[in-house]
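Here is what each chain is made of, one letter per residue.
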Amino acid sequence: MNGEIFSVGTELLMGEITDTNSGYIASQAPALGITMRHMSQEGDTLEDLANAIRRGLDRSDVIFTTGGLGPTQDDLTREAIAAALGEEMTVDPRLLEELKRWFDYRGVEMPPRNIKQATLIPSATTIPNDQGTAPGWWVERDGKIIIAMPGPPGEMKNMWTTLVEPRLKGRSKDQVIISRNIK
């Protein structure tokens with residue numbers, strides 16, 4: 001399986017934060033039979049991100065995204081995936097209820113802007129995030145997979161180890177590579 005990683009956020013392109021998520025995902029992929037062919041950082045621009053995802057779908061079997069799943073107007077990963085696939089996002093009532101419970105548990109009223117975190121497209125299922133408010137997306141269509149995970153490394157790594165990696169195991173028919181660095 002060929003893979004690709006998009007780290008999403010203008011703050012990455014401005015050098016404000018360092019992308020550690022791509023290295024982590026790339027280090028885990030060979031053991032799953034996934035060969036990373038491309039890694040890039042994409043800004044918070046809907047058109048650019050949607051075009052990058054379209055290109056990724058043309059050349060890769062699985063795309064990983066990190067970042068852009070928050071509630072603010074510049075968090076556009078969901079919207080870009082929907083645009084790239086030509087699918088419409090709708091609010092999932094079950095996800096919305098889970099999100100409201102998350103805020104209720106903390107004694108805080110959910111801001112209306114967080115509703116966008118409860119959306120799905122027809123080809124997506126949610127990847128629960130027990131570390132934050134941004135659930136991930138698992139999208140499968142036409143033999144391709146898009147896995148959208150949150151940007152904060154702790155949230156992304158937890159989602160990867162508990163839900164994404166187990167679901168990817170055995171999917172690839174390619175050779176699995178296991179390596180060890182000895183110093």
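This is a predicted model, so every value here is computed, not measured.

Caption draft 1: Representation of the pattern of salt bridges in the model. All told, the structure shown has 5 salt bridges when counted by the stated rule. Of the charged contacts in the structure, one is a salt bridge between Glu 4 and Arg 59, with a shortest N-O distance of 2.7 Å. With Glu 4 in strand β1 (residues 2-8) and Arg 59 in helix α3 (residues 46-59), this pair connects stretches of sequence that are 55 residues apart. Among the residues examined, Arg 59 registers a relative accessible area of 38% and is labelled partly exposed. Residues participating in the shared-partner salt-bridge network are Glu 87, Arg 141 and Asp 142.

Caption draft 2: Representation of helix α2 (residues 21-28) within the structure. For α2, the full list of buried residues reads Asn 21, Ser 22, Tyr 24 and Ile 25. End-on view of α2: buried residues confined to an arc of 165 degrees, all on one side of the axis.

Caption draft 3: Summary view of the sheet that holds strand β6 (residues 124-127). Strand order in the open sheet formed by 6 strands is β2-β1-β3-β8-β7-β6, and the pairing between neighbours is mixed. In this open sheet, the two edge strands, each paired with only one partner strand, are β2 (35-42) and β6. Strand-to-strand twist in this sheet, taken as the mean axis angle between neighbours without regard to direction, amounts to 15 degrees. Across 4 bridges, β6 lies against strand β7 (residues 136-141) in antiparallel orientation. Within β7, the position partnered with Ala 124 by the bridge is Val 139. Along the sheet face, α3 touches β1, β2, β3 (62-66) and β8 (144-149) and points at about 170 degrees away from the line of β1.

Cut-off values and rules
- Residues numbered from 1 in each chain as written.
- Predicted model: local features only at pLDDT ≥ 70, side-chain atom pairs only at ≥ 80, totals over all residues.
- Heavy atoms only, no water.
- Salt bridge = Lys/Arg side-chain N within 4 Å of Asp/Glu carboxyl O.
- Helix = DSSP H or I, 4+ residues; strand = E, 2+ residues; numbered from the N terminus.
- Buried < 20%, exposed > 50% of the residue type's maximum accessible area, 1.4 Å probe, protein only.
- Arc of directions from axis to C-beta.
- Pairing = 2+ DSSP bridges.
- Axes fitted to C-alpha atoms, helices over the stretch in contact; angles between N-to-C directions.
- Contact = heavy atoms within 4.5 Å.

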